[in-house]
Amino acid sequence: MNITISKPRIVAFEVTHKCQLNCMHCRASASEKADREYLTKKQCKQILFSLAQYNKCVVILTGGEPMEREDIYELIEYGNNIGHKMALATCGYLINNESIERLKNSGILTLSFSLDGPDAISHDSFRRVTGAFDITLAAIEKAKSNNIRFQINTTITNRNVEHVPKIAQLAKKLGAYCFNPFILVPTGRGAEISDEILKPGRYEMLLYDLAEIKIQNLIDVRVTCGPQFSRIMALKNPKILSKKNNRKGCMAGGEFAFISYKGDVQTCGFLNLSAGNLINNDFNFADIWENSTFLNNIRDLSIYKGKCGKCEFVESCGGCRARAYGMTGNYLNSDPICNYQPAQQSRF
């Protein structure tokens, strides 16, 4: 087995399954019907502590809607006190003058908001809640007025791919420090709209468009579930290949980890396979992270199949393991929407 085990520097922690929205692409299939939390406040703190013992990280509290937890401010403060840098991904509907001040006082590092269209019609239809666009913009304004940094996330599908340049422009106009497109993966409710997944040729065009936005410094661009972006950046402008300006394609299982609302350690939130449960193993994150056969398979590039196994960019890209699993049933298969044709000689 040819692997390198890196300690994660970014961890998304799904602290709740509750959410009042009904987004058609929701990875978590979150619902307002989730009437109880799986993880208590004590368990959440134990998870944060276990993680800090292994490596102090940027921890992104997510959900569902993490603001649905009454103890969210205490969790943020606790995470900061033990050495993490705490961030939060929110839909914005619980952001008001009081809550934004409490977030700031608890020491939140940054917020992320989602905009899936450049206007109310496109965004609200995606989120399936009238007024969602205006709610998000109002929450953004409250973050800005409190000098809290924020980024804009956008899930890209066939229905909104043509709007990407306008969404990026809106993100810059609003004052976001980063535009983070998420390429649709068929998991959660996203599996119900698998016909919205971009075709390989259209996906390739999108990556070049995003590279232009980044290179022209319209706004910083980071792509999630689109690891081929690293290849495009390398081909587009080799000078961009510094750690500061160009991240590795897929960081899941390496620099990135995901912890579910049940305490399961995963590569990411889109590959719904557990490497081990923190509650069941007495909150030993290090043991799961380093010894999981599943995680070590993900890290072993030599066993990747198809085009990914032959590709000269596999070390910098990696392909999307979640999309491979969601569309083919095997997380080691090639990313089905990648349009690149590598040399036919095996990479390993």
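Each chain carries its own residue numbering, running from 1 in the written order of its sequence. Local features in a predicted model are, by the rule used here, given only for residues with pLDDT of at least 70; side-chain atom pairs are given and counted only at 80 or more, and totals for whole chains, interfaces and linings are based on all residues. Only hydrogens and water are set aside; all other atoms, that is, all heavy atoms of the structure, feed into the side-chain values.

### A word on the overall build of the protein chain
Phase 1: In this text, helices come from DSSP runs of H or I with a minimum length of four residues, and strands from runs of E with a minimum of two, each type numbered from the N-terminal end. Per the secondary structure count, the protein chain includes 12 helices and 9 strands.
Phase 2: Sorting the 348 residues of the protein chain into buried and exposed places 56% on the buried side.
Phase 3: In this description, contact between two residues means that some pair of their heavy atoms is separated by no more than 4.5 Å. Considering only contacts in the protein chain between residues 6 or more positions apart, those separated by 24 or more positions represent 70%.
Phase 4: To be clear on the numbers: accessible area is Shrake-Rupley with a 1.4 Å probe, and residue cover counts the displayed protein chains and nothing else. Here the protein chain has roughly 15,100 Å² of accessible surface; of this, 48% comes from carbon and sulfur atoms. Remark: exposure states derive from per-residue accessible area (1.4 Å probe, protein chains only) relative to the maximum for the residue type, with buried under 20%, exposed over 50%, and partly exposed in between.

### Concerning the state of the cysteines
Phase 1: Whenever a pair of cysteine sulfur atoms sits within 2.5 Å, that pair is classed as a disulfide. Tallied over the full model, the rule gives 0 disulfides.
Phase 2: Looking at Cys91, it has no disulfide partner, and the nearest cysteine sulfur is the one in Cys19, 4.0 Å off.
Phase 3: Residue classification places Cys91 among the buried residues on the basis of a relative accessible area of 18%.

### So, the confidence of the model for the protein chain
Phase 1: Summarising the model, the protein chain shows a mean pLDDT of 90, and 88% of its residues fall at 70 or more.
Phase 2: Here pLDDT means the predictor's own confidence in every residue, given as a number from 0 to 100. Counting contacts from residues 241-246, a segment whose pLDDT is below 50, to residues more than four positions away or on other chains yields 7 contacts.

### Structural notes on helix 4 (residues 120-127)
Phase 1: Of the residues making up helix 4, those classed as buried are Ser122, His123, Asp124, Phe126 and Arg127.
Phase 2: Residues of helix 4 that are buried sit in contact with strand 4 (110-114), helix 5 (132-145) and strand 5 (149-156).
Phase 3: Contacts described as polar in this section are N or O atom pairs within 3.5 Å, which, within protein, must combine one atom able to donate a hydrogen with one able to accept it, while residues neighboring in sequence count only if both atoms come from side chains. At the N-terminal boundary of helix 4, the capping side chain belongs to Asp119, with an oxygen 3.4 Å from the backbone nitrogen of Ile121.
Phase 4: Where helix 4 terminates, the next one or two residues include Arg128, which has phi positive at roughly 60 degrees.

### Notes on the environment of Gly201
Phase 1: If you trace the backbone, Gly201 turns up in helix 7 (residues 200-215).
Phase 2: Judged by its relative accessible area of 36%, Gly201 is partly exposed.
Phase 3: Taking C-alpha positions, Gly201 is 9.4 Å from Tyr340, a pair spaced 139 residues apart along the chain.

### A short note on unusual backbone geometry
Phase 1: Omega for the peptide link from Gly63 to Gly64 comes to 20 degrees, which places this bond in the cis form.
Phase 2: With respect to the helices, strands and loops of the structure, Gly64 is situated in the loop between strand 2 (58-62) and helix 2 (72-81).
Phase 3: Despite not being glycine, Cys225 shows a phi value in the positive range, around 60 degrees.
Phase 4: On the secondary structure map, Cys225 appears in the loop between helix 7 and helix 8 (229-236).

### Examining the packing of aromatic side chains
Phase 1: Only Phe, Tyr and Trp rings are paired, with Trp represented by its six-membered ring, and only when their centres lie within 6.5 Å; those with planes under 30 degrees apart are stacked, over 60 edge-to-face, the remainder tilted. Inspection of every chain in the model, using the stated rule, returns 7 aromatic pairs.
Phase 2: Aromatic pair Phe313 and Tyr340: ring centres 5.6 Å apart, planes at 80 degrees, arrangement edge-to-face. Here Phe313 is found in the loop between helix 11 (306-310) and helix 12 (321-328), whereas its partner Tyr340 is found in the segment after helix 12, with 27 residues between them in sequence.
Phase 3: Given the relative accessible area of 16%, Phe313 is considered buried.
Phase 4: Taken together, the aromatic side chains of Tyr54, Phe285 and Trp289 make up a single cluster linked through ring pairs.
Phase 5: For Arg149, the ring lying beneath its charged end belongs to Tyr177, and the centroid distance is 3.8 Å. Lysine NZ or arginine CZ positioned within 6 Å of the ring centre and within 35 degrees of the ring normal marks a charge as sitting over the ring.

### Quick notes on the pattern of salt bridges
Phase 1: We count a salt bridge whenever a side-chain nitrogen from Lys or Arg sits within 4 Å of a carboxyl oxygen from Asp or Glu. Per the stated rule, a full pass over the model turns up 11 salt bridges.
Phase 2: Ionic pairing is found between Lys41 and Glu74, a salt bridge with its closest N-O pair at 3.1 Å. Of this pair, Lys41 sits in helix 1 (residues 41-54) while Glu74 sits in helix 2, placing them 33 residues apart in sequence.
Phase 3: Its relative accessible area of 34% is what places Lys41 among the partly exposed residues.
Phase 4: Residues joined in a network through salt bridges with shared partners are Lys41, Lys45 and Glu74.

### Notes on the pairing of strand 5
Phase 1: Most of strand 5 sits out of view: 7 of its 8 residues are buried.
Phase 2: Bridging between strand 4 and strand 5 involves 5 bridges; their strand directions are parallel. Within strand 5, the residue paired with Ser114 across the bridge is Asn153.
Phase 3: As paired elements, strand 5 and strand 6 (residues 178-183) share 6 bridges and run parallel to each other. Each bridged residue has a counterpart across the sheet, and for Thr154 the counterpart in strand 6 is Pro181. Following DSSP output, two strands are said to pair if at least two bridges run between them.

### Looking at the sheet that holds strand 1 (residues 10-14)
Phase 1: With mixed pairing, 9 strands are arranged side by side in an open sheet as 6-5-4-3-2-1-7-8-9. Two strands lie at the open edges of the sheet, namely strand 6 and strand 9 (276-277), each paired on one side alone.

### Regarding the pairing of strand 6
Phase 1: For strand 6, the buried fraction is high: 6 of the 6 residues fall into the buried class.
Phase 2: Remark: the strand 5/helix 6 (residues 164-174)/strand 6 crossover connection has right-handed handedness. Whether a crossover is right-handed comes down to one check: with the strands pointing away from the viewer, does the path from the first strand over the helix to the second run clockwise; if it does, it is right-handed.

### Here we look at the nonpolar core
Phase 1: In plain words, nonpolar cores are sets of buried Ala, Val, Leu, Ile, Met, Phe, Trp, Tyr and Cys residues tied together by side-chain atoms within 4.5 Å. Counting 94 residues, the largest nonpolar core has Phe13, Leu103, Leu111, Ile152, Phe179, Leu210 and Phe285 as the members making the most contacts within it.
Phase 2: Filtering out sequence-adjacent residues up to four positions away, Phe285 remains in contact with Pro8, Ser50, Leu51, Tyr54, Ala257, Ile259, Val265 and Leu278.

### Remarks on the side chain of Thr157
Phase 1: Take Thr157: it is sitting in the loop between strand 5 and helix 6.
Phase 2: Overall, the relative accessible area of 1% leaves Thr157 in the buried class.
Phase 3: Residues contacting Thr157, with those up to four places away along its chain left out, are Phe126, Leu184, Glu196 and Leu198.

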